[in-house]
Amino acid sequence: MPVPYYITTPIYYVNDVPHIGHAYTTIAADVAARWQRLNGRDVRFLTGTDEHGQKVMRAAAKLGRTSQEHVDITHERFKTLWTRLGIQYDDFIRTTEPRHQEVVRGFLQQLWEKGEIYPKDYAGWYSTSAERFWSDEEVAEAAWKALKSPAFPAEEAVAKLKAGELVGRCPDSGQAVEWITERNYFFRMSAYQERLLAHIEANPRCIQPENRKNEVLGFLKKPLEDLCISRPAARLPWGIPLPFAEDYVTYVWFDALSNYVSALGPVGGELHRRYWPADVHLVGKDILTFHTVYWFSMLMALGLQPPKQVYAHGWWTIKREKMSKSLGNVIDPLKLVDVFGVDATRYFLLREIPFGYDGDYSPDAAILRFNSDLVNDFSNLVHRIVKWAGTPVGEAGPLPELDAELLVVAERATAGFRAQMETLQFRDALEALWELVRAGNKYVDTAAPWALAKNGDTARLAQVLRALREVQRIVASYLHPFCPTACGEVLARLGLAGPDLRVAFDVLPAGATARAGDPLFMRLDIEPTLVALGAAPAALAAPAEAPAPKSKTPPAKEAPVSEPVAAPAAPANITYDDFAKIALRIGVVLSAEKHPNADRLLVLKVDVGEPEPRQIVAGIAKVYAPEDLVGRRITVVTNLAPAKLRGVESQGMLLAAGGSDIASILSPIHDVPAGSIVK
Ligand code: MSP
């Protein structure tokens, strides 16, 4: 019996125009699902749309549609996008479907009968944009931020808020909040605090990555409150009515989270027994608390098991800002598909940033990644031997040393790939596999089939073709979940119906030929591609007037470790020997945290290719949040004498660009290994 594997994406707000952030989660889930299917698991992959709530109701009214008409139209945007992106979901759930509503009402009734839900009068700050209540301090802090006031004097701000001198704001949207008093229904979530902690402790991998789990544990240190799970239908009719109080509708998150169970049909039914608890809920880091604290406690109250894992990935940002319709910086995944094709879009999104961390989208990086990995490496591996497509492979037999070495690389690369896929480390899985892609290309150089053909060494040529076509088969089979179209084509050219994960050079039948074809990927020129992507290439952008540098005397006692102060004037010419005195290396940031005594300093642990990581203190806290730096490659001066900065030792200096305000750290375009020399 194949082992079940149930994977889900969040159900997307039907009102949103899908962007690369949504595409990212769904592609990740699709790749994981395809990989598990390839490995014989009984996979169920669920996605869908979240269709209730105030925003939907308002958008529909604006367009002169009923809410139902509106969601019937808008949810199609997601379905269309998933089809274009090659997403093979097994089920698409919509929260307006009767099958979902029945389950939600059943859950509510059950919790009501158990006494887990009770009515209470409640007064609080309500945000219509976020559809939730916030505390005094939360809305005061958001209001303070909007005023761009530096420090937040909590007590003073709350006092002003209560006196009506400060307009409270929603921490999510920044919009003004309203003070509302109403009777509502509450779920006794506070009763689950200890059980949640015990569950997380007993199931250490149930929230991943580790730093996200720690966030949830941090959240659970504060007393947990009961959860308001209703909204008066008079204010918000677009939702699922509570079965025991039909003049109320269900809070959107209670409604939405239930989709993971409702999509499996009735609890106790065939699908439910087969697939619940889910193996993994993939979510963005923004909705982790809902998926752990709220969802786990709801399930516990219902006598159901929590999912085996909730994996929270990071965010795609644009110039380090959140993507949003209002900022007008949303990247349309279909644009990427038009320019790069489906496979390359899928590949790029998962290859570029470690799953779990944030990453900034850059069209230049996408083009470079395309040209280097897909054109130079992968497509090349397939195309370089295309002229011998009609030449049959030799008998499988003992491998000469060169071929045996290639097989060892294949074993190592695929084992690495497997291990990384188990923990959803897509980028690292691809990096592992690429060792084989590069080794395959190197093998072509060394084995030189053209020379064998010229010298009439047909026996060795047939052997070399076997090794190379087997490598093509292995790469295309493992890469298939990421790039299904191109890999399907490679396999078809080899006469195979689909992926075959065996790591051996005796899989292809003796005498098999291949089918010739065009290159899988063709090099893209940077400038026209940037234009096609809607990004103005730097060369075409109007040159900015550089302001005359203001001379500033650095404060005497500050050590010059990445401090935002004007650099002393450099001499016009130095010799190479002078330059060579500076040891520059690429480092990978392993951890980053705020300096205990200085707001603008961060303390980083950086792997510079030495046995122990270096500690580097850098004045970049105004531009980078610590979590944005982890996993990044930076440039480090490694032979600067150690210095203490506000009491913390710095064993080097990172390079950053900008004047008195540092604007950017310097990172290499390609992921060169930690410790790479910069010269
Ligand atoms: N409807 C809720 C989810 C309910 S699940 C029971 C919701 N929807 S959403 O459309 O706003 O976004 C859902 C998910 O889209 C995020 O959690 C994340 O997975 C993905 N992303 C949205 N923007 C993103 C980025 N900028 N970057 C990466 N992923 C992001 O929240």
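Residues numbered from 1 in each chain as written. Predicted model: local features only at pLDDT ≥ 70, side-chain atom pairs only at ≥ 80, totals over all residues. Heavy atoms only, no water.

A.B. asks: Honestly, the packing of aromatic side chains in this entry has me stumped. Any pointers?
C.D. replies: Here the distance between the centres and the angle between the planes together describe a pair of aromatic rings. One pass over the structure, following the stated rule, counts 36 aromatic pairs. Residues Phe 417 and Phe 482 carry aromatic rings whose centres are separated by 6.2 Å and whose planes lie at 70° to one another, so their mutual orientation is edge-to-face. Residue Phe 417 is located in helix α16 (residues 401–422), and its partner Phe 482 is located in the loop between α19 (458–479) and α20 (484–493); the two are separated by 65 residues in the primary sequence. By relative accessible area, Phe 417 is classed as buried at 0%. Put simply, the rings of Tyr 24, Trp 35, Tyr 311, Trp 316, Phe 348, Phe 355, Tyr 361, Phe 417, Phe 426, Tyr 478 and Phe 482 pair up and form one aromatic cluster. Just above the ring of Tyr 13 sits the side chain of Lys 55; from NZ or CZ to the centre is 5.5 Å. Over the ring of Phe 92 we find Lys 79, and its NZ or CZ is 4.9 Å from the ring centre. (Phe/Tyr/Trp six-rings, centres within 6.5 Å; stacked < 30°, edge-to-face > 60°. Helix = DSSP H or I, 4+ residues; strand = E, 2+ residues; numbered from the N terminus. Buried < 20%, exposed > 50% of the residue type's maximum accessible area, 1.4 Å probe, protein only. Lys NZ or Arg CZ within 6 Å of the ring centre and 35° of its normal.)

A.B. asks: What is the right way to read the site of the ligand from this model?
C.D. replies: The environment of the ligand is made up of 25 residues, and the closest members are Ile 11, Thr 25, Asp 50, Gly 284 and Trp 316. Separating a nitrogen atom of the ligand from a backbone N or O atom of Ile 11 is a distance of 2.8 Å. Residue Trp 316 places a main-chain N or O atom 2.9 Å away from a nitrogen atom belonging to the ligand. Protein contact buries 96% of the 650 Å² of open area that the ligand shows by itself. Those elements that provide at least two residues to the shell around the ligand are β1 (4–13), α1 (20–38), α9 (252–257), α10 (259–262) and β12 (280–284). No other element matches β1, which puts four residues into the shell around the ligand. Considered class by class, the residues forming the shell around the ligand number 13 nonpolar, nine polar and three charged. (Near = heavy atom within 4 Å. Polar contact = N/O pair within 3.5 Å; in protein donor to acceptor, adjacent residues only side chain to side chain. Areas by Shrake-Rupley, 256 points an atom, 1.4 Å probe, with all protein chains shown as cover. Nonpolar A, V, L, I, M, F, W, Y, C, P; charged D, E, K, R; others polar.)

A.B. asks: When you look at the packing of helix α15 (residues 363–383) against α19 in this model, what are you seeing that I'm missing?
C.D. replies: The geometry of a pair of packed helices is captured by two quantities: the angle between their axes and the separation between those axes. Where α15 contacts α19, the axes come no closer than 10 Å and their chain directions differ by 140°. One way to sum up the angle between α15 and α19 is to call them oblique. Every pair of crossing elements has a handedness; the one defined by α15 and α19 is left-handed. For the pair formed by α15 and α19, the contact residues are Phe 378, Leu 381 and Val 382 on the first element and Leu 468, Val 471, Gln 472, Val 475 and Leu 479 on the second. (Axes fitted to C-alpha atoms, helices over the stretch in contact; angles between N-to-C directions. Parallel < 35°, antiparallel > 145°, perpendicular 65-115°, else oblique. Left-handed = near helix turned anticlockwise from the far one by under 90°. Contact = heavy atoms within 4.5 Å.)

A.B. asks: What's the story with the environment of Glu 246 in this structure? I'm lost.
C.D. replies: Tracing the backbone through its elements, the reader meets Glu 246 in strand β11 (residues 245–250). A relative accessible area of 47% means that Glu 246 is categorised as partly exposed. Each C-alpha atom, one on Glu 246 and one on Ala 641, is 72 Å from the other, the two residues being 395 residues apart in sequence. With sequence-adjacent residues up to four places away left out, Glu 246 is seen in contact with Arg 105 and Pro 241. Within the local environment of Glu 246, its side chain forms a polar contact with the side chain of Arg 105, the two groups lying 2.9 Å apart.

A.B. asks: What's the story with the nonpolar core in this structure? I'm lost.
C.D. replies: Where a protein is soluble and globular, its nonpolar side chains tend to be buried together. Counting residues in each nonpolar core, the largest one holds 100 residues, and the members touching the most others are Phe 340, Phe 378, Phe 426, Leu 479 and Phe 482. In this structure, Phe 378 is in contact with Asp 373, Trp 434, Val 437, Val 475, Leu 479, Ala 486, Cys 487, Val 490, Leu 520 and Phe 521, ignoring residues within four places of it in sequence. Grouped together as the second largest cluster of nonpolar side chains are 57 residues, Val 216, Tyr 251, Ala 256 and Ala 301 included. (Core = buried A, V, L, I, M, F, W, Y, C linked by side-chain atoms within 4.5 Å.)

A.B. asks: Sorry if this is basic, but what is going on with helix α13 (residues 333–340) here?
C.D. replies: Two residues of an α-helix separated by three or four positions point the same way, owing to the 3.6 residues in each turn. Considered for burial, the residues of α13 that qualify are Pro 333, Leu 336, Val 337, Val 339 and Phe 340. For α13, the elements touching its buried residues are α1, α3 (67–84), α14 (342–352), α15 and α21 (526–532). Of the residues flanking the start of α13, the one acting as N-cap is Asp 332, its side-chain oxygen 2.8 Å from the backbone nitrogen of Leu 334. Backbone geometry just downstream of α13 places Gly 341 in the positive-phi region, at approximately 95°.

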